[in-house]
Amino acid sequence: MAPRLKVFEWSDGFHRFTVAAPSRPKALAAWGIQQDIFASGLAKEAPEAEDAEAARARPGEVVERGLTVDIGQAGPRAARPRARKGPTAAERRRAQRLADELETLDRAQAESAEAVRVEMKNLEARAAEEKARFDQTRTRLVRDLARAREKL
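Cut-offs applied
Residues numbered from 1 in each chain as written. Predicted model: local features only at pLDDT ≥ 70, side-chain atom pairs only at ≥ 80, totals over all residues. Heavy atoms only, no water. Helix = DSSP H or I, 4+ residues; strand = E, 2+ residues; numbered from the N terminus. Rg over C-alpha atoms; globule rule 2.2 N^0.38 Å. Contact = heavy atoms within 4.5 Å. Areas by Shrake-Rupley, 256 points an atom, 1.4 Å probe, with all protein chains shown as cover. Lys, Arg positive; Asp, Glu negative; His and termini not counted. Charge placed at Lys NZ, Arg CZ, Asp CG, Glu CD.

Undergrad: Would you mind going over the overall build of the protein chain with me for this structure?
TA: Of the regular secondary structure elements, the protein chain holds three helices and five strands. Starting at the N terminus and ending at the C terminus, the protein chain contains elements arranged as β-β-α-β-α-β-β-α. Taken against the 2.2 N^0.38 rule, which gives 15 Å for 152 residues, the C-alpha radius of gyration of the protein chain at 42 Å runs more than 25% over that of a compact globule. If one aligns the C-alpha atoms of the protein chain with their principal axes, the spans along those axes are about 130 × 40 × 35 Å. Of the contacts formed within the protein chain by residues at least 6 apart in sequence, a portion of 45% connects residues at least 24 apart. Accessible surface, the protein chain: about 12100 Å² in total, of which carbon and sulfur atoms supply 55%. A gap of 6 Å separates the mean positions of the 30 positive and 25 negative side-chain charges of the protein chain.

Undergrad: How should the environment of Lys151 be read in this particular structure?
TA: Along the polypeptide, Lys151 turns up in the segment after helix H3 (89-150). Each C-alpha atom of the pair Lys151 and Val62 lies 119 Å from the other, and the pair is 89 residues apart in sequence.

Undergrad: Would you take a moment to explain the environment of Gln35 for this structure?
TA: Within the secondary structure layout, Gln35 lies in the loop between helix H1 (24-31) and strand S3 (43-45). Taking the C-alpha atoms as reference points, Gln35 and Arg16, 19 residues apart in sequence, are found 18 Å from one another.

Listed below in structure tokens is the structure:
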């Protein structure tokens, strides 16, 4: 069963906007308004409005009437442009370029980290050699010093 339609209207002072819809939220959506203008009294249910018959003939379409010009003309309001679906080609290219840059950065960091690990390993080996040389020299000097003190 089709929903029962009510006629709602509001005016911005220059135009009167009338729509046939099953509820206030549906009327607000047809007008493209987020704020509840019914609560402020700006919009109202108007079953006997001038454009009520035109609105009932096209449920969900806004009938717009100029209040200062062409008062006798009533017609449907132009449809709002629909939101686009999906990303544009430029957005896809940008996302791909950023993904490529991220992959390149990750690869460069991994290579740099490996180079640092190799350098640290070489430094640790060098430090071990230096320690061994120090220990050997110290041991020799301690032994020579002990012999020299024995002769004193």
